[in-house]
Amino acid sequence: MDNVKLCLQGVELDRRTAALLTGAACGAGALVVAVLLKVQTHREAQEKIRRARGRRADSLQRAEQAVRRYKKSHPGVDSAFILAKSLSELTNDLQDGSLSPEDVFYSYMEKTLDVNKDVNCCTGILLESFEDLKTVASKKEGLLYGVPVSIKENYAYKNHDSSCGVVVNLERPDQKDSVIVEVLKRQGAIPFVKTNLPQALLNYDCGNPIYGQTLHPNNLRKTPGGSSGGEGALVRGGGSVLGFGSDVGGSIRIPASFCGICGLKPTAGRLSSKGLKPIFRGQKSVLSSPGPMARDVDAVALAMQALLCDHMFALDPTVPPIPFDMQMYQSSEPLRIGFLEDDGYTQPSPSMARGVREVKALLEQAGHTLVPYTPLKITYAVTELLVKGLLADGANRLVQKLEGGPLDPCLREQVMPYYLPNWLKKTLSFLLKPVFPRGAAVLRSLCGVGSVENLWKQHADVEDYIGETIAEWRRLNIDVLLCPVIGPAFNFFYCGKLSSALSYTALYNLLTFPAGVVPVSTVTAGDEEELGRYEGHHQDHWDKLLKQAVGGSEGLPVAVQCVALPWQDELCLRFMKEVERLVQQSRK
């Protein structure tokens, strides 16, 4: 009997051993499969990146060959004379025939290729533009007849990728042009190049693992800003007389500020966004707007005038059919202007504050009335409305879009908290609160809203905040607002660490207000000296980072931001034009 028991115990032991061995083998097998799948995914991503870079290199090479052929057959073209003209001068010369579309096109194509070699701002030449040039004579009635224009990479253009800088979007070419591209073509413009952006768009640097990092055309150790940084660099470098970007938190205005050009974020919905690719769809709290970028305000206004036409209204009936109000743009009535040097959340750099002070003085001398203004509940707006609205799902959709490819250095530190589980975000937020309250509040907001009910409440809170802000404008009886814009240009890899600085720009996406940027000065030695004493309002990690980010910027552009109420884009442009005029007049 004892022998039988021993035998049965041995069988039981063998069963347990077998089960353990089987489990271990399955676990090891699953691990091997997971590793192999990861290796395969990495290889596929690298192959996709290699092919995308190959397509770009091929388009650049073919464009260079076409430029050489044209120059050889047209040796008398004075490209420098053409490139020096403003958009208004260029359109007049093209309309009256004193310049040919061919000479203008090839002059800008050559300059773009040169600028790209220095700053890496292009994701590809649109080779179809050479064919468009041949038929452009039939569109001579267009407001932008014969004008070569650049477009941000996320604008749909038939048979080209709109990757948003993420690998999963590669090799999914668009089936048709975006509405804005269609309207530009109808108005006689020739889209000829796509420009670079940061990985996944939601960042204000300009680097991605597919096309690399774009550099500032005036200082190669600085970023041109983002996310429309390729546009900013190309326009500033002289390779484009008119570009088109998109803006969900400052993505037109920040590159305009960093690069020293003009840019407008129109009222959300004033221009069609059909065919404008976001990194993810469905987010409704902080709205994106497409908009123009150029060297002067008149060029930005002409772009808006060209787009706000019956053709756009027919292609996208969701856009209110409101044509450009030229009378408002050309008005010279004195304005009542709200102003602020500091939003109370992020202490401005010395040059940001000085830019506002100097422009305020010029406006007062010109007969305008300036009224102090303070943004309402700015900390609440940033954490509860902006962060929680933009990443209401706890950043899950954004993280999904980043899968299958490497993380770009400009984005890495920004997205690291996105990967944490919500319980850990909340725990870290609790622990950080005594020493880093701003960071703790943002980290908690990164948990998202949590439920549909909370999402609806968040939307209602945004509506209430917009209403309260408009009521405050009415109480002060102000027409427009003068305020700082982030600047000067950051050193590399600080944008992803400093989302806090977006308080100056993203607020107006939340509010849906039109907002534009005008360059007004350059960083002085005095600004750099004062920066040495900068401590920030909170003396926290972000304040220290901002001081480091803007250092070494003497001579780089300084800009201000001009804001108006929703649907008053022409008033915003008129205010921008007034600032530009007064600054130019003061220099004389």
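In what follows, the structure referred to is the one given above.
Residues numbered from 1 in each chain as written. Predicted model: local features only at pLDDT ≥ 70, side-chain atom pairs only at ≥ 80, totals over all residues. Heavy atoms only, no water.

(A) The arrangement of the overall build of the chain in detail. Assigned secondary structure in the chain consists of 22 helices and 13 strands. The C-alpha atoms of the chain give a radius of gyration of 26 Å, which matches the 25 Å a tight globule of 588 residues would have. Overall, the C-alpha framework of the chain stretches about 115 × 60 × 50 Å when taken along its three principal axes. Relative to its full complement of 588 residues, the chain shows a buried share of 56%. (Helix = DSSP H or I, 4+ residues; strand = E, 2+ residues; numbered from the N terminus. Rg over C-alpha atoms; globule rule 2.2 N^0.38 Å. Buried < 20%, exposed > 50% of the residue type's maximum accessible area, 1.4 Å probe, protein only.)

(B) Structural context of the sheet that holds strand E10 (residues 369–372). Pairing is mixed in the open sheet, where 11 strands are placed in the order E1-E3-E2-E6-E8-E7-E12-E13-E11-E9-E10. Since the sheet does not close on itself, it has two edges, and those belong to strand E1 (122–125) and E10, each with one partner. Recorded for the sheet is a direction-independent mean angle of 30° between the axes of neighbouring strands. Packing of helix H5 (residues 128–135) onto the sheet brings it into contact with E1 and strand E3 (190–195), and relative to E3 it is tilted by some 165°. (Pairing = 2+ DSSP bridges. Axes fitted to C-alpha atoms, helices over the stretch in contact; angles between N-to-C directions. Contact = heavy atoms within 4.5 Å.)

(C) Region of the structure containing the packing of helix H9 (residues 297–307) against helix H22 (residues 569–587). Where H9 meets H22, the axes come as close as 9 Å, and the angle between the chain directions of the two elements is 165°. The orientation of H9 relative to H22 falls into the category roughly antiparallel. Here H9 and H22 pass one another in a crossing that is left-handed. In this structure, H9 contributes Val 297, Asp 298, Val 300, Ala 301 and Met 304 to the contact, and H22 contributes Leu 573, Met 576, Lys 577 and Glu 580. (Parallel < 35°, antiparallel > 145°, perpendicular 65-115°, else oblique. Left-handed = near helix turned anticlockwise from the far one by under 90°.)

(D) Main features of unusual backbone geometry. For the peptide bond that leads from Gly 226 to Ser 227, omega is 10°, which places it in the cis range. You can see Ser 227 is positioned in the loop between strand E5 (212–213) and helix H7 (229–237). Along the chain, Gly 487 connects to Pro 488 via a cis peptide bond; the corresponding omega equals -5°. Even without being a glycine, Asn 159 presents a positive backbone phi close to 70°. Relative to the helices and strands, Asn 159 is located in the loop between strand E2 (148–152) and helix H6 (179–186). Asn 159 sits in the exposed class, given a relative accessible area of 54%. Positive phi outside glycine occurs at Glu 171, with the angle close to 60°. As for its placement among the helices and strands, Glu 171 is situated in the loop between E2 and H6. With a relative accessible area of 33%, Glu 171 lands in the partly exposed category.

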